[in-house]
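Below are the chains, spelled out letter by letter.
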Amino acid sequence: MIVRNFNDPEVLSTTYIAHRGAIARMVMTSRFLQSMEFLAYAMLPPGNVIEEHIDEVEEIYLILQGGGTMKVGNEQRDVKEWDATWIPAGEPHSLKNTKDIETVVLVIAAYPR
């Protein structure tokens, strides 16, 4: 069994800037996972943007706090707390925090079948 807390020193040591807009941390990675790439979370300050990018894995962004404007491919929608957005592998996507508070996102990435 592997248990990771968001505040574990091992998780905190993975802190990085994700796509020029969010502070992100890896909770679990493919070092342990068998069919998933990673489980991470990102903290996006008000007005910041996770810039448009493409990943080779499919992802789910789950908004835990805050919200903003999510763009996937040519579609754009406002997202709020507890909204989950599926992002197909290879599809360009971005997220802009349009709220007055930090937006916190749980990111799950898995290999497409």
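As a reminder, the structure under discussion sits directly above these lines.
Bear in mind that the values here come from a model prediction, so they are computed numbers and not experimental data.

Before going further, it helps to examine the sheet that holds strand β5 (residues 58-65). Spatially, the six strands line up as an open sheet ordered β1-β2-β3-β10-β5-β8, and their pairing is antiparallel. Where the open sheet ends on each side, the last strands, each with one partner, are β1 (16-18) and β8 (84-87). Taking the axes of each pair of neighbouring strands and ignoring which way they run, one obtains an average angle of 30° across the sheet. Two strands pair when backbone bridges link them, and β5 and β8 are joined in this way by four bridges, in the antiparallel orientation. Looking at the pairing, Leu-62 lines up with Ala-84 of β8.

Once that is clear, we can look at unusual backbone geometry. Phi angles above zero are rare outside glycine, and His-19 is one such case at about 50°. Within the secondary structure, His-19 is located in the loop between β1 and β2 (22-29). Even without being glycine, Trp-82 reaches a positive phi, approximately 75°. Mapping Trp-82 onto the fold places it in the loop between β7 (75-80) and β8.

Quick look at the nonpolar core now. Counting residues in each nonpolar core, the largest one holds 20 residues, and the members touching the most others are Ala-22, Phe-38, Ile-50, Tyr-61, Met-70, Leu-95 and Val-105. In terms of residue count, strand β3 (residues 36-44) provides more of this core than any other element does, four residues in total. Those residues in contact with Tyr-61, other than ones at most four positions away along the chain, are Ile-50, His-53, Met-70, Asp-83, Ala-84, Thr-85, Ile-87, His-93, Leu-95, Val-105, Leu-106 and Val-107. By size, the runner-up hydrophobic cluster in this structure holds eight residues, among which are Val-27, Met-43, Leu-62 and Val-104.

Within this structure, the stated rule accounts for one aromatic pair. For the pair Phe-6 and Tyr-41, a centre-to-centre distance of 4.3 Å together with 5° between the ring planes defines the contact as stacked. Taken together, the positions of Phe-6 in the segment before α1 (9-12) and Tyr-41 in strand β3 put the pair 35 residues apart, joining distant regions of the chain. For Phe-6, a relative accessible area of 30% gives the class partly exposed.

If you trace the four strands from one edge of the open sheet to the other, you get β4-β9-β6-β7, paired in antiparallel fashion. Of all the strands in the sheet, just β4 (49-53) and β7 have a single pairing partner and so form its edges. Pairs of neighbouring strands in the sheet enclose a mean axial angle of 20°, with direction left out of account. As defined by bridge partners, strand β6 (residues 67-72) adjoins β7 across six bridges and the pair is classed as antiparallel. Of the residues in β7, the one forming a bridge with Met-70 is Arg-77.

Thresholds, definitions, all that
- Residues numbered from 1 in each chain as written.
- Predicted model: local features only at pLDDT ≥ 70, side-chain atom pairs only at ≥ 80, totals over all residues.
- Heavy atoms only, no water.
- Pairing = 2+ DSSP bridges.
- Helix = DSSP H or I, 4+ residues; strand = E, 2+ residues; numbered from the N terminus.
- Axes fitted to C-alpha atoms, helices over the stretch in contact; angles between N-to-C directions.
- Core = buried A, V, L, I, M, F, W, Y, C linked by side-chain atoms within 4.5 Å.
- Buried < 20%, exposed > 50% of the residue type's maximum accessible area, 1.4 Å probe, protein only.
- Contact = heavy atoms within 4.5 Å.
- Phe/Tyr/Trp six-rings, centres within 6.5 Å; stacked < 30°, edge-to-face > 60°.

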